[in-house]
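So the chains spell out like this:
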Amino acid sequence: MSDATKPGDAPSLPTFTLDGHDVPFTPDQTILQAAMAAGHYIPHLCFHPEFKPHGSCKVCTVKVDGRTMASCTTQARAGAEIESSSDEVRDLRRNLVQFLFTEGNHFCPSCEQSGDCKLQAVAYELGMTSSHFTQMFPDRPVDASHPDVLLDFNRCILCELCVRASAEVDGKDVFALSGRGIKKHLIVNAESGRLADTRLAVEDKAMSVCPVGVILRKRRGFRVPIGQRTYDARPISEVAVDQYRRATRGDE
Amino acid sequence: MSGDVSAVLAKHQHDPTRLVQILRDLMAAQRHLTPQDLTAIAKGLALPRGRVEGVAGFYSFFATEPRGAYRVLFSDSITDRMAGSVELRQRLLDAFHLRLGEVSRDGLLSVDVTSCTGLCDQGPAMLVNGVAIPRLTHARIGAISALIRASSPMEWWPENLFSIHSHIERRDQVLSTPFERGEAVRAAIRRGPDGTLEELQRSGLRGRGGAGFSTATKWTACRGAEGRARFLVCNADEGEPGTFKDRVLLADHLELVLDGMTVAGHTVGAKKGFLYLRGEYPFLVQPILAALEERRHERWLGSEIAGVPGFDFDIELHVGAGAYVCGEESALIESLEGKRGIPRNRPPYPVTHGYLGQPTVVNNVETLAKCALIASHGAEFFKLRGTAKSTGTKLLSVSGDVARPGIYEYGFGVPVSQVLADAGAERTQAVQVGGPSGTLLSRSELGRRIAFEDVPSAGALIVFDESRSILDVVESFAAFFAHESCGFCTPCRVGTTLAAQMMGRLCHGRGTRRDVKDLARVARQMRATSHCGLGSSAGNPVLHALEKFRPSFDKALASHEVVPSFDLDEALAPAREVTGREDEGAHLTEEAT
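Residues numbered from 1 in each chain as written. Chains lettered and ligands numbered in written order. Predicted model: local features only at pLDDT ≥ 70, side-chain atom pairs only at ≥ 80, totals over all residues. Heavy atoms only, no water.

A. Here's a closer look at the overall build of chain A. Scanning chain A from N- to C-terminus turns up 6 helices and 9 strands. Computed over C-alpha atoms, the radius of gyration of chain A comes to 19 Å, within 12% of the 18 Å expected from 2.2 N^0.38 for 252 residues, which places it in the range of a compact globule. For the C-alpha atoms alone, the extent of chain A along its principal axes is close to 55 × 40 × 40 Å. In chain A, which comprises 252 residues, the proportion classed as buried is 53%. Taking the contacts inside chain A whose residues are at least 6 apart along the sequence as the reference set, 63% of them involve residues at least 24 apart. Of the roughly 11200 Å² that chain A leaves accessible, carbon and sulfur atoms contribute 49%. Averaging the locations of the 30 positively and 33 negatively charged side chains of chain A gives two centres separated by 4 Å. (Helix = DSSP H or I, 4+ residues; strand = E, 2+ residues; numbered from the N terminus. Rg over C-alpha atoms; globule rule 2.2 N^0.38 Å. Buried < 20%, exposed > 50% of the residue type's maximum accessible area, 1.4 Å probe, protein only. Contact = heavy atoms within 4.5 Å. Areas by Shrake-Rupley, 256 points an atom, 1.4 Å probe, with all protein chains shown as cover. Lys, Arg positive; Asp, Glu negative; His and termini not counted. Charge placed at Lys NZ, Arg CZ, Asp CG, Glu CD.)

Right, here's the structure in full:
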């Protein structure tokens, strides 16, 4: 954490209020970043502390002075009154998570990522009990061509974190998006369309950023038993804040 | 590398910002893009292959799988449907024993649908290999079938098949004031950039693309923004179903628009302008290119325009490839840069960070035509028409159930009822103003006025008489948004599809009370949380119809009890197809279900 955000200096920073709590912020922070740094969790999926805010999943929606905005891409503003945990805002977020469950094929009980999955954890956090809308059951074949990695597109929520990580950190551009609208889908950078023909390696950053269970290491399945996984022990509201602080401490 | 690819890449100087144009040219040459083509293009442009594939997969007019030697796309706007396009489409399909989306076995023909092609005043319309054919009738479909069957090259097809009419039904300032090439540019030079901005400010001109932002404010912001270069973009990507005014302006009043662009370039200090023309208007490409060439020749474009040192400005034509979302200014800029048309996060806005990150003004065609008029004749002349808050005139595209569809120019503030009377509308049930993203007016609201302070609009009026089903209208609009959503944000990507599915069920008698309730929920979700204007207005047709035509929804419910949301017998169709069975036992009868 930078000197400017040490608790003792906090009063000198401008603040906004989040559900009535004062939250200090630095000029470069968006609402979500300032809230997370101050220990207030706002649910999110496409946001990752190490990457530029993307603003596509909209799960971090809040009301800023009465107007709904994505908190990850909205610059913090002194004196703004932000509503994050009202029933209305939570309903909007829950609808979005239900949309994501509806458009993909998410079968938590049989999913290797269960317990480590941010989509599942956010759904619990928002009290989602069903996907509500008529399931779309898209046909999305898996890609098991790579010797060390399995791609299960059924679970993709199109957050583009792997696209961004591969381009910005790994410098490989292994992933990209094609199609439009509901037909938008993740593709890999190969004429054959197969992961085996890309330069993806298990050490790549792109391997570790998927919030759901699309990019999986082979021969690792169920090594950690269900019941002992990340969100089995603690809710995502705590885990995410810790992760955010750990990730941002380094580069400030 | 195939010869086509290397030739096209060379033509575009291996410039990655030309990617959409490169793919267009390649489509024209070989009808579809192979995986090898995409690899070769990526190499030639030094782009990741996935990026090229992503662009190829984004725009409707690009195909990455084989299509027919004749690729027919029927315009599937509500006005096309009202004029009988579904039946005509079926006739063509039957003639070749084809199903929608299929390629005939001999590779000759494929038939599919596309969003509104902007020929709503002369529908039903289609595109054959990208070339527009309006006013389809059974006779025309018969003739086209015969030409296709004979593999007749399209250059040999009768020319009258392709003639597009302008249908200007009412003229006011823009459409009736005589205008000479360069007139507005000369006036702008005389006034100087500050003088032009002042005149524009006094005119009160607001953007004619729908949002109504002050043009003078936009130009001033761009002019004052820091950057290596400034750019001017004319947005001619009008894709809103029911809108065709820009098509007519570019066809009949092109000089006014090009003068307006040059005035804008002079005023904001841009050396380069782009005209982004929607891909559905290929018939405008040659006339525009010819006019640009003439202007260069006469020194109205190029360096030292009209002999003024330092006044350098040129215009490049960019043609779209079937994506309504590119009408949104930041998506349009992405497309100009050769990318998928995804609206950007804002701020920053294009006036400070636009094309290639530089200050950019994006103006609608009609706005620029008005800038030329204001430059030539002054703000006072302009303000003779309109209201205090909405100065000047508006071009309205009128289609649907009217005797005289076409372009009508009025001063702002005209009541909808007067437009209807002039266009010869009878027994009107509802009017969609501003296209699907606009406002659905019921009969009791026809006294309302077209103005930013009452019913704002980019100028489309689609009229529905009492014989029309409002649910069919809403279903068509919902399907349009689902087809055109870019897919970037969750609410619009999923919400538009859910809304289209629920409307489809309602129209087929399989809707439930829960669907009606969920439609409102999905529409409000899109309005509240979408990334751009497409998503936030995609729920408007549903919400307006629920508010004003609720009985239509209730009547569509087969029963107030639970109804299965799908047809059980239809669900067995794939099983029948694999087993080759069509006997009685392979079908579910009502009693059995």
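Following the structure, the description resumes.
B. Focus on the nonpolar core. Formed by 158 residues in total, the largest nonpolar core has its most connected members in Phe-16 and Phe-175 of chain A together with Ile-41 and Tyr-59 of chain B. Among the elements that make up this core, the one with the highest residue count is helix H17 (residues 470-484) of chain B (9 residues). When neighbours within four sequence positions are excluded, Tyr-59 of chain B is seen to be in contact with Arg-180 of chain A together with Val-20, Tyr-276, Ala-321, Gly-322, Ala-323, Cys-326, Ser-335, Lys-339, Arg-340 and Gly-341 of chain B. Counting residues in each nonpolar core, the second largest holds 59 residues, with Leu-232, Val-268, Ile-315 and Leu-368 of chain B among its members. (Core = buried A, V, L, I, M, F, W, Y, C linked by side-chain atoms within 4.5 Å.)

C. Representation of the environment of Asn-160 of chain B in the model. Residues and elements named next belong to chain B. With respect to the element layout, Asn-160 can be found in the loop between helix H7 (138-149) and strand E5 (168-170). Separated by 26 residues in sequence, Asn-160 and Pro-134 have C-alpha atoms that sit 9.9 Å apart. Excluding anything up to four places from it in sequence, Asn-160 contacts Arg-135 and Arg-140.

D. How the structure looks around the pairing of strand E8 (residues 314-319) of chain B. All names here are of chain B. In terms of strand pairing, strand E7 (residues 272-277) meets E8 through 6 bridges, oriented parallel. Of the residues in E8, the one forming a bridge with Gly-273 is Ile-315. Taken together, E7, helix H13 (residues 285-297) and E8 constitute a β-α-β crossover, and its handedness is right-handed. (Pairing = 2+ DSSP bridges. Right-handed = clockwise from strand over helix to strand, strands pointing away.)

E. Broad picture of the domain arrangement of chain A. Residues and elements named next belong to chain A. Considered domain by domain, chain A is made up of domain 1 (15-85) and domain 2 (107-243). Using C-alpha coordinates to define each centre, domain 1 is positioned 24 Å away from domain 2. Summed over both partners, the interface of domain 1 with domain 2 buries about 1500 Å², with 71% contributed by carbon and sulfur atoms. Of all residues in domain 1, Tyr-41, Leu-45 and Phe-51 give up the largest surface area on contact with domain 2, accounting jointly for 47% of the area buried on that side. The interface formed by domain 1 and domain 2 contains 1 salt bridge. Across the salt bridge formed by Lys-205 and Glu-50, the nearest N and O atoms sit 2.7 Å from each other. In terms of residue class, the side of domain 1 that touches domain 2 is built from 7 nonpolar, 6 polar and 2 charged. (Domains from an automatic or database assignment. Buried area = accessible area lost by both parts, 1.4 Å probe. Salt bridge = Lys/Arg side-chain N within 4 Å of Asp/Glu carboxyl O. Nonpolar A, V, L, I, M, F, W, Y, C, P; charged D, E, K, R; others polar.)

F. Seen up close, the side chain of Arg-493 of chain B. Mapped onto the secondary structure, Arg-493 of chain B falls in helix H18 (residues 490-507). Using a relative accessible area of 1% as the deciding quantity, one classes Arg-493 of chain B as buried. Within the structure, Arg-493 of chain B has its side chain in polar contact with the backbone oxygen of Gly-487 of chain B (distance 2.9 Å). Excluding anything up to four places from it in sequence, Arg-493 of chain B contacts Leu-100, Glu-103, Ile-157, Leu-158, Gly-181, Ile-182 and Lys-184 of chain A together with Ser-485, Gly-487 and Phe-488 of chain B. (Polar contact = N/O pair within 3.5 Å; in protein donor to acceptor, adjacent residues only side chain to side chain.)

G. Layout of a nonpolar patch on the surface. All names here are of chain B. A surface patch of nonpolar side chains, about 300 Å² in accessible area, is lined by Phe-566, Leu-568, Leu-572 and Leu-588. Within the fold, Leu-588 resides in the segment after helix H24 (573-579). Of the residues examined, Leu-588 reaches a relative accessible area of 32% and is grouped as partly exposed. (Patch = residues over 30% accessible without salt bridge, like charges linked within 9 Å, V, L, I, M, F, W, Y side chains within 5 Å.)

H. Local environment of the interface of chain B and chain A. With 42 residues of chain B in contact, the opposing surface of chain A contributes 39 residues. Buried surface at the junction of chain B and chain A, summed over both partners, amounts to about 3200 Å²; 51% is from carbon and sulfur atoms. On the chain B side of the contact with chain A, Arg-493, Arg-521 and Gln-525 of chain B bury the most area, a combined 19% of that side's loss. Put simply, chain B and chain A have 2 salt bridges between them. Across the salt bridge formed by Glu-103 of chain A and Arg-493 of chain B, the nearest N and O atoms sit 2.6 Å from each other.

I. Representation of the pattern of salt bridges in the model. Residue and element names in this part refer to chain B. A full pass over the atoms with the stated rule returns 59 salt bridges over all chains. With a closest N to O distance of 3.5 Å, Arg-427 and Glu-466 form a salt bridge. On the criterion of sequence distance, the pair formed by Arg-427 in the loop between helix H16 (416-423) and strand E12 (428-433) and Glu-466 in the loop between strand E14 (460-465) and H17 is long-range, its members being 39 residues apart. Look at the salt bridges and you will find they share partners, linking Arg-181, Glu-255, Asp-259, Glu-294, Arg-295 and Glu-298 into a network.

J. Layout of the domain arrangement of chain B. Each assigned domain of chain B is listed here: domain 1 (3-58), domain 2 (70-165), domain 3 (169-382), domain 4 (393-468) and domain 5 (471-555). Of note, the centres of domain 1 of chain B and domain 5 of chain B, computed from C-alpha atoms alone, are 36 Å apart.

K. Highlighting the side chain of His-44 of chain A. All names here are of chain A. Within the secondary structure layout, His-44 lies in the loop between helix H1 (31-37) and strand E3 (61-64). On the basis of relative accessible area, His-44 is assigned to the buried category, the value being 9%. A distance of 2.8 Å separates the side chain of His-44 from the backbone oxygen of Ile-42, its partner in a polar contact. In this structure, His-44 is in contact with Leu-32, Met-36, Val-59, Cys-60, Val-122 and Ala-240, ignoring residues within four places of it in sequence.

L. The arrangement of the confidence of the model for chain A in detail. Averaged over all residues, the pLDDT of chain A is 94; the fraction at 70 or higher stands at 94%. Residue range residues 1-6 of chain A is modelled with pLDDT below 50. Its contacts to residues more than four positions away, or to other chains, number 9 contacts. (pLDDT = per-residue confidence, 0-100.)

M. Expanded view of the confidence of the model for chain B. When pLDDT is averaged along chain B, the result is 95, and 98% of the positions lie at 70 or above. As scored by the predictor, the complex reaches a pTM of 0.94 and an ipTM of 0.95.

N. The arrangement of the sheet that holds strand E6 (residues 231-236) of chain B in detail. Residues and elements named next belong to chain B. Here we have 4 strands laid out as an open sheet, ordered E8-E7-E6-E9, and parallel in their pairing. Strands with a single pairing partner mark the edges of an open sheet, and in this sheet they are E8 and strand E9 (360-364). Here the strands of the sheet are splayed against their neighbours by 20 degrees on average, with no regard to which way each runs. When E6 meets E7, the two strands line up parallel, connected through 6 bridges. When the sheet's bridge partners are listed, Phe-231 is paired in E7 with Lys-272. The sheet strands contacting H13 are E7 and E8, and the helix crosses E8 at an angle near 170 degrees. (Axes fitted to C-alpha atoms, helices over the stretch in contact; angles between N-to-C directions.)

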